[in-house]
2 protein chains.
Amino acid sequence: MNNTSIAGMKRTHMCGELRLEHAGQTVTVNGWVDRVRDNGGVLFLLLRDRAGIVQCTFDKSVNADLFDIAFTCRTEFVVAVKGKLVARDAAAVNKKMPTGEVEIIAEDIRILSKAETTPFEIDDTKEVGDQIRLKYRYLDLRRPSMQRNLMLRHRVTQVARNYFDEHGFLEIETPMLTKSTPEGARDYLVPSRVHPGKFYALPQSPQQYKQLLMLSGMDRYIQITRCFRDEDLRADRQPEFTQIDLEMSFVEQDDVIAVNEGFLQRVFKEVLDVDIQLPLPRMTWQDAMDKYGSDKPDVRFGFEIKDISDIAKDCSFKVFKDTVENGGTVRLINVNGYADKFPRKEIDKLGEFVKTYRAKGLAWMKLAADGSMTSSFAKFLSEDEIAAIKERAGAKENDLLFVVADANWQTAAVALGALRCELAKRLGLAKKDDFKLLWVTEFPQFEYSEEENRLVAMHHPFTAPMDEDIPLLDTDPAKVRAKAYDIILNGCELGGGSIRIHDPELQTKMFEALGFTEEKAKEQFGHLITAFSYGAPPHGGLAYGLDRLCMLLAGLDSIRDVIAFPKVQNASDLMMNCPDVVDDKQLDDLSIAVTRVEEEPQA
Amino acid sequence: MNNTSIAGMKRTHMCGELRLEHAGQTVTVNGWVDRVRDNGGVLFLLLRDRAGIVQCTFDKSVNADLFDIAFTCRTEFVVAVKGKLVARDAAAVNKKMPTGEVEIIAEDIRILSKAETTPFEIDDTKEVGDQIRLKYRYLDLRRPSMQRNLMLRHRVTQVARNYFDEHGFLEIETPMLTKSTPEGARDYLVPSRVHPGKFYALPQSPQQYKQLLMLSGMDRYIQITRCFRDEDLRADRQPEFTQIDLEMSFVEQDDVIAVNEGFLQRVFKEVLDVDIQLPLPRMTWQDAMDKYGSDKPDVRFGFEIKDISDIAKDCSFKVFKDTVENGGTVRLINVNGYADKFPRKEIDKLGEFVKTYRAKGLAWMKLAADGSMTSSFAKFLSEDEIAAIKERAGAKENDLLFVVADANWQTAAVALGALRCELAKRLGLAKKDDFKLLWVTEFPQFEYSEEENRLVAMHHPFTAPMDEDIPLLDTDPAKVRAKAYDIILNGCELGGGSIRIHDPELQTKMFEALGFTEEKAKEQFGHLITAFSYGAPPHGGLAYGLDRLCMLLAGLDSIRDVIAFPKVQNASDLMMNCPDVVDDKQLDDLSIAVTRVEEEPQA
């Protein structure tokens, strides 16, 4: 067998770190052959490692044996090269490569591993299908962009761990084999061999455990941990995902926010060298919904929503008038300065767009640069009414107003909110490197569940109501606001949390407001209620979606690109080929049987 | 409702950090009432948080209202106390408490949370049953010793993350929902809802993933990750446990060892302020077995094993003679200096002890302080033979020799190895704060499986053989040694790893030696074999058992004490009451049915 050992050929430098300052040194590099170019007796072998690519040069006239070995190297061979690092001739300098001012004049080469032709080229400039990328993920991960993504993720977690350590947080691991909870998303279950007929559940989050850790006096807890939800996957969801999960004792909302703002500032500085000004803006949930039609407002651009119900109420346009008279609302956004970008045909298509958000239609008014006006509804209005609307909208030349009237204010707001984001995207106003963070606060404590025909907790039943709203629990619970907060980045929820109820009396009131009998509360949360009876500190916390945080920091569109081995939409792993069938003996050991099997796609 | 808010009463200091240097300051502390002592109009309230305990003093004659509130406080109430920190009178100084030189003269108190009487006292000096500790784990974790354990664990993981980060390792998360592997321990399975009849498995270790990451050019990987084994629990095992898992590319064994020695030195220094001298001792597997009868030798004490087969071979004692003539071995240990600690009755009981290790019996020779000798076998031997044995054993006055003869050298060695550890334990020679680290190297590549009647991989089939032993793969595979290494601390395996095979040709040879057909190898490891064909770097790694590392650093006997929420022997969680039955709908969603149910214990 050939010598494929690294002995005697261990790297002195990473390929990508070599610079002019190293010129004159004898260096050894280890890596993958990125490209080989034979320039008539001079062979250029580009060698790649995690740090980058460097050129190794073999001159046949100097050493024919060495040249011949290098000549057998194909793309993705793993080799070690030793040689003298020299400055390139001025004409040969490659400004596009960080190592482009130097090259290694090879004095030795060893082939550590040969390579078959890969199913796709390891090249960031080439588009490769998702299926094949994920089947050969270990090759996909050789792409410099994917390596950068995982390095960024490493840096984010490292910053988190150091920052929270400095702030007195203890990293404490909570169980993965835990108990199925009836509320929330669908659990992944794990059959128990020792207890036939019983099951563990994989955690959807360590919520209960972290609260118990506060009850245990651990004071400040952090964990970067895997969570599981057996939901049908949307584009941006994975069956297993990672949270930065934390909880603090003896705090109020401002304390949780302050410590997390410090963290975010540190992450942006250390990972991207971006300065974030503190304190971050805060917006109440009601303001976010009113102005942005979203509880995760994207404030990188304007087009804020304005309410014109008061103008519409008495106007001559029946659709507007009737909507308001029946308790509804009429709202608009002004796409100011971009009217010329939207011809009539585009505008009509946007009507279809808002319908997917349950709006009934989209009225519009376009002000051309020459001052002329076209509109779907202006003909029904008086001059004064038009003037009032224009004034409310701050409308000038080349502005475009979109109006939604709806019986439900949230429907109107959400439709316009979605529209403003869609338009900003089309106009290129939502820049990925323009990082706009803010807190949304004062979330409603409850939301109405049509399925269950009752109020349900918007966060969870342990979220504390705002002090001034506690009396409303008895009189008008739908109006109660919670000590809950989300941190938003560019229209995405990075994380969320709340102050928890630590007073058993208040917890009882909360269960009552949720329509839980004492019995039902005990059945579902008995061990927690018991735990709280032994002395609970005021506490609160927050959890970040790490995958999404990394995706946004890296300027990417899919969390898959910041996860080493993600699953596809149908929750399977194409590289490992799982889930898969198992032996009957394994099932028998677990006292379970399969009742249905998947139909395999026809060959 | 009473004001149970922390507003206005947030701590300025942790209870346990107050010292004389803070005297004169107005401080606020938050915590749990550890004890209340009424000294006739002066009430001492001891308040406890993660950092320790401080005394708060309420004088009825100064402020009767405040005193009355404090008077209602019972153990485990959560309170905030504000007051002036003062030096105690010399007579009142408590040297046993770190805060014993000061007290807080209370000026305000707020009860944040009342507490029922806890099922056991939060007191490290009180023994509490395991079952009740684990059922009320959140109370058990209030004990200062448990808080110290989890703080130590936090520190260990933090040191690991920083050390390996500094050494170029990337933290990369690998999947929890992965594929069941036929080899190794029993998997925990997770039924798939989307793919009826198919299952994920929870990982026993990220072994395949970390090797794939090396193939992907990630170069250096670390993860502190949960692993799962559905085995019947021994005292020191948990169904889910945590590994510090790492892998490096372009390295040999010495490189892996060097980087890990640096890590261990850092951990001991930063966590315990203990200096570890590097390099650590190394011992081959053969030496470890010969001298200590164990592949995890405890070298805190002597009593090393000596082989006397050559003396026994020609001796007059038939048992010894026959054993050696039939290819067996006769070995001994010398419990030097402790003969007087073991009366005859004790010695006889030790005969039973070694039988649990499959030894057939225990011969012995005792040298009293006065030079007299008693023995179970000496009467069968000549003076010369006795003298030769004594010389080999280095026997002097007050020494005690134990001899085992067995057809199988490993049986004799293991029995004597277990005996020397047992005796050292009884003699108090195995001190928990005497940290003796060493590497065991040159493990056998294969071990014989009686079950399968063939050689199986001792580590796994990707472990590289030692270069000089590669020819033996064809001629005498049982003699092949592996590039495998374990790190041992005080007789426990802290971790282990190996250099992996990166050469597909050698891998094929290895599969052949293991009796795998090409087909079987492909079936079980197809995706890995494919992956290796696209260019694999030389690589190797190691994994530590984090639970055990923390247990040993903390000087504890059970890993449960360094795990926040452990499971008991039957793999159930007494606090959460899991595993548990689930709804039929959940099972139906997963296309599985229960075939047997657990019998509940009779009431």
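Residues numbered from 1 in each chain as written. Chains lettered and ligands numbered in written order. Predicted model: local features only at pLDDT ≥ 70, side-chain atom pairs only at ≥ 80, totals over all residues. Heavy atoms only, no water.

> What exactly am I supposed to notice about the overall build of chain A here?
Of regular secondary structure, chain A possesses 17 helices and 23 strands. Projecting the C-alpha coordinates of chain A onto the three principal axes gives extents of approximately 90 × 75 × 55 Å. Per-residue burial for chain A yields a buried fraction of 58% across its 603 residues. For chain A, long-range pairs separated by at least 24 residues make up 68% of all intrachain contacts whose partners lie at least 6 apart in sequence. Total accessible area on chain A is roughly 25400 Å²; 48% of this is exposed by carbon and sulfur atoms. (Helix = DSSP H or I, 4+ residues; strand = E, 2+ residues; numbered from the N terminus. Buried < 20%, exposed > 50% of the residue type's maximum accessible area, 1.4 Å probe, protein only. Contact = heavy atoms within 4.5 Å. Areas by Shrake-Rupley, 256 points an atom, 1.4 Å probe, with all protein chains shown as cover.)

> When you look at the environment of Lys436(A) in this model, what are you seeing that I'm missing?
All names here are of chain A. Examined against the element boundaries, Lys 436 turns out to sit in the loop between α12 (409-426) and β17 (437-441). A relative accessible area of 33% means that Lys 436 is categorised as partly exposed. Measuring from C-alpha to C-alpha, the distance between Lys 436 and Met 218 comes to 33 Å, with 218 residues separating the pair along the chain. Once residues within four sequence positions are removed from consideration, Lys 436 is found in contact with Val 299, Arg 300, Ile 488, Leu 489 and Asn 490. A polar contact of 2.9 Å, which involves the side chain of Lys 436, links it to the side chain of Asp 434. (Polar contact = N/O pair within 3.5 Å; in protein donor to acceptor, adjacent residues only side chain to side chain.)

> What is the right way to look at the packing of helix α5 (residues 207-215) of chain A against helix α15 (residues 518-532) of chain A in this model?
To characterise two packed helices, one gives the angle between the axes of the helices and the distance between these axes. All names here are of chain A. Taken N-terminus to C-terminus, the directions of α5 and α15 make an angle of 20 degrees; their axes are 10 Å apart at the nearest point. Here α15 runs roughly parallel to α5, going by the angle between their axes. As α5 packs across α15, the resulting crossing turns out to be left-handed. On α15, the residues touching Gln 208, Gln 211, Leu 212 and Leu 215 of α5 are Phe 525, His 527, Leu 528, Ala 531 and Phe 532. Within the contact of α5 with α15, the residues separate by chemical class into six nonpolar, three polar and no charged. (Axes fitted to C-alpha atoms, helices over the stretch in contact; angles between N-to-C directions. Parallel < 35°, antiparallel > 145°, perpendicular 65-115°, else oblique. Left-handed = near helix turned anticlockwise from the far one by under 90°. Nonpolar A, V, L, I, M, F, W, Y, C, P; charged D, E, K, R; others polar.)

> Where do I start with the sheet that holds strand β12 (residues 305-307) of chain A in this structure?
Two modes of strand pairing occur in sheets, parallel and antiparallel, and in both the strands are linked by backbone hydrogen bonds. Residues and elements named next belong to chain A. Taking strand neighbours across the sheet as the criterion, the five strands line up as β12-β13-β16-β14-β15 in an open arrangement whose pairing is antiparallel. Edge positions in the open sheet fall to β12 and β15 (373-375), since each of these has one partner strand only. Across the sheet, the mean angle separating the axes of adjacent strands is 20 degrees when strand polarity is ignored. Across six bridges, strand β13 (residues 329-334) lies against strand β16 (residues 400-406) in antiparallel orientation. In the strand pairing of β16, Leu 332 is matched with Val 403. (Pairing = 2+ DSSP bridges.)

> Hey, could you run me through the sheet that holds strand β12 (residues 305-307) of chain B in this one?
Residues and elements named next belong to chain B. An order of β12-β13-β16-β14-β15 is seen for the five strands of this open sheet, with the pairing classed as antiparallel. Taken across any chain shown, the strands that pair with only one partner, and hence form the sheet edges, are β12 and β15 (373-375). Taking each pair of neighbouring strands and ignoring which way they run, the sheet shows an average axis angle of 20 degrees. Relative to strand β16 (residues 400-406), strand β14 (residues 363-367) runs antiparallel, the two being bridged by four bridges. Among the inter-strand pairings, Lys 366 is bridged to a residue of β16, identified as Leu 400. On top of the sheet, helix α12 (residues 409-426) reaches β12, β13 (329-334) and β16; it is set at about 10 degrees to β13, its chief contact.

> Which parts of the structure should I look at to understand a negative patch on the surface?
Residue and element names in this part refer to chain A. A cluster of like negative charges, contributed by Glu 512, Glu 518, Glu 519 and Glu 523, occupies part of the molecular surface. A total of three residues in the negative patch trace back to one element, the largest contributor, which is α15. Along the chain, Glu 519 falls in helix α15. (Patch = residues over 30% accessible without salt bridge, like charges linked within 9 Å, V, L, I, M, F, W, Y side chains within 5 Å. Salt bridge = Lys/Arg side-chain N within 4 Å of Asp/Glu carboxyl O. Lys, Arg positive; Asp, Glu negative; His and termini not counted. Charge placed at Lys NZ, Arg CZ, Asp CG, Glu CD.)

> Please clarify how helix α7 (residues 285-292) of chain A should be interpreted in this entry.
Because the α-helix completes a turn every 3.6 residues, residues three or four places apart line up on one side. All names here are of chain A. Within α7, the full set of buried residues consists of Trp 285, Ala 288, Met 289 and Tyr 292. The buried residues of α7 occupy an angular sector of 105 degrees when the element is viewed end-on, so they sit on one face. Check the buried side of α7 and you find it contacts β11 (282-284), β12, α12 and β17. Positive phi appears at Gly 293, one or two residues downstream of α7, with a value of about 60 degrees. (Arc of directions from axis to C-beta.)

> Looking at this structure, how should I read the pattern of salt bridges?
Close approach of charged atoms allows side chains of opposite charge to pair. Within the structure shown, the criterion is met by 124 salt bridges over all chains. Residues Glu121(A) and Lys126(A) are paired through a salt bridge, measuring 3.1 Å at the closest nitrogen-oxygen approach. By relative accessible area, Glu121(A) is classed as partly exposed at 48%. For Lys126(A), a relative accessible area of 36% gives the class partly exposed. Across the pair Lys313(B) and Asp314(B) runs a salt bridge, and its minimum N-O distance is 4.0 Å. When salt bridges that share partners are traced, they join Asp124(A), Asp130(A), Arg133(A), Arg137(A), Asp140(A), Arg143(A), Arg560(A) and Asp561(A) into one network.

> I tried to follow the UniProt feature "binding site: ATP" (unreviewed entry) in chain A on my own but got confused; where do I start?
Here the UniProt-annotated "binding site: ATP" (unreviewed entry) positions come out as Arg229(A), Asp230(A), Glu231(A), Gln238(A), Glu493(A), Gly545(A), Leu546(A), Asp547(A) and Arg548(A). Within the fold, Asp230(A) resides in the loop between β9 (220-228) and β10 (240-249). Non-local contacts of Asp230(A), meaning those with residues more than four positions away in its chain, are made with Arg186(A), Asp187(A), Tyr188(A), Arg193(B) and Leu590(B). Mapped onto the elements, Gly545(A) comes out in strand β22 (residues 539-545). By relative accessible area, Gly545(A) is classed as partly exposed at 24%. Apart from the residues within four sequence positions on either side, Gly545(A) is in contact with Thr242(A) and Leu494(A). (UniProt positions renumbered as here; feature names shortened; annotations may be inferred.)

> Would you explain the relation of the copies chain B and chain A in this entry?
Relating one copy of the chain to the other requires a rotation about an axis plus a shift along that axis. By a simple turn and slide, chain B fits onto chain A: the slide is 0.0 Å along the axis, the RMSD is 0.1 Å, and the turn is 180 degrees. Interpreted geometrically, this transformation is the action of a two-fold axis. Counting the interface residues of chain B, we find that 100% of their copies in chain A are interface residues as well, pointing to one common contact surface. (Least-squares fit on C-alpha atoms with pLDDT ≥ 70 in both.)

> Can you walk me through the pairing of strand β1 (residues 26-38) of chain B in this structure?
Working note: regular strand, side chains alternate between the two faces of the sheet. All names here are of chain B. Pairing geometry for β1 and strand β4 (residues 78-87), over seven bridges, is antiparallel. Bridging across to β4, Gly 31 finds its partner in Val 79. Hairpin connection from β1 to strand β2 (residues 42-49): three residues lie between these consecutive antiparallel strands, with Gly 40 at a positive phi of about 65 degrees.

> I'm lost on the packing of helix α4 (residues 144-166) of chain A against helix α6 (residues 253-272) of chain A in this one. Help?
Residue and element names in this part refer to chain A. For the pair α4 and α6, interaxial distance at closest approach is 9 Å and the crossing angle is 140 degrees. As the angle between them shows, α4 and α6 are arranged oblique. For the crossing formed where α4 meets α6, the hand is right-handed. Contacts between α4 and α6 pair Leu 152, Arg 155, Val 156, Val 159, Ala 160, Tyr 163, Phe 164 and Glu 166 from the former with Ala 258, Val 259, Asn 260, Gly 262, Phe 263, Arg 266, Val 267, Glu 270, Val 271 and Leu 272 from the latter. Residue classes in the contact of α4 with α6 are distributed as twelve nonpolar, two polar and four charged.

> Even after reading the chapter, I still don't get the confidence of the model for chain A, so can you show me in this structure?
Any segment with low pLDDT has predicted coordinates that should not be analysed in fine detail. Looking at chain A as a whole, the pLDDT averages 94, with 99% of positions reaching at least 70. Scored as a complex, the prediction yields pTM 0.96 and ipTM 0.95. (pLDDT = per-residue confidence, 0-100.)

> Where do I start with the nonpolar core in this structure?
In terms of nonpolar packing, the biggest core is built from 190 residues, with Phe263(A) and Phe263(B) touching the most fellow members. Non-local contacts of Phe263(B), meaning those with residues more than four positions away in its chain, are made with Val159(B), Ala160(B), Tyr163(B), Phe164(B), Ile244(B) and Tyr544(B). (Core = buried A, V, L, I, M, F, W, Y, C linked by side-chain atoms within 4.5 Å.)

> Please explain the interface of chain B and chain A as it appears in this structure.
Accessible area lost during the coming together of the parts is what is often quoted as the interface size. Listed per partner, the contact involves 138 residues of chain B and 138 residues of chain A. Counting each side, the surface lost to burial between chain B and chain A is near 12200 Å², with a carbon and sulfur contribution of 57%. For the pair chain B and chain A, the interface holds 26 salt bridges. Residue Glu173(B) is joined to Arg153(A) by a salt bridge in which the shortest nitrogen-to-oxygen separation is 2.6 Å. For the interface between chain B and chain A, the tally reads 95 residue pairs in polar contact (both at pLDDT 80 or more). (Buried area = accessible area lost by both parts, 1.4 Å probe.)

> Help me understand the pairing of β2(B), please; the structure alone is not making it clear to me.
Residues and elements named next belong to chain B. With seven of its eight residues buried, β2 lies for the most part within the structure. As defined by bridge partners, β1 adjoins β2 across six bridges and the pair is classed as antiparallel. Paired with Asp 38 across the strands is Leu 43, a residue of β2. Bridge analysis of β2 against strand β3 (residues 52-59) gives eight bridges, and the strand direction is antiparallel. When the bridges of β3 are listed, Leu 46 appears paired with Gln 55. Joining the antiparallel neighbours β2 and β3 is a turn of two residues.

> Teacher, can you tell me more about the state of the cysteines here?
A covalent bond bridging the sulfur atoms of two cysteines is what the word disulfide describes. Residues and elements named next belong to chain A. Tallying each qualifying case throughout the model produces zero disulfides over all chains. Its sulfur unpaired, Cys 492 is 9.6 Å from the next cysteine sulfur, which belongs to Cys 421. Free cysteine: Cys 550, not disulfide-bonded; nearest cysteine sulfur from Cys 492 at 13 Å. (Disulfide = S-S within 2.5 Å.)

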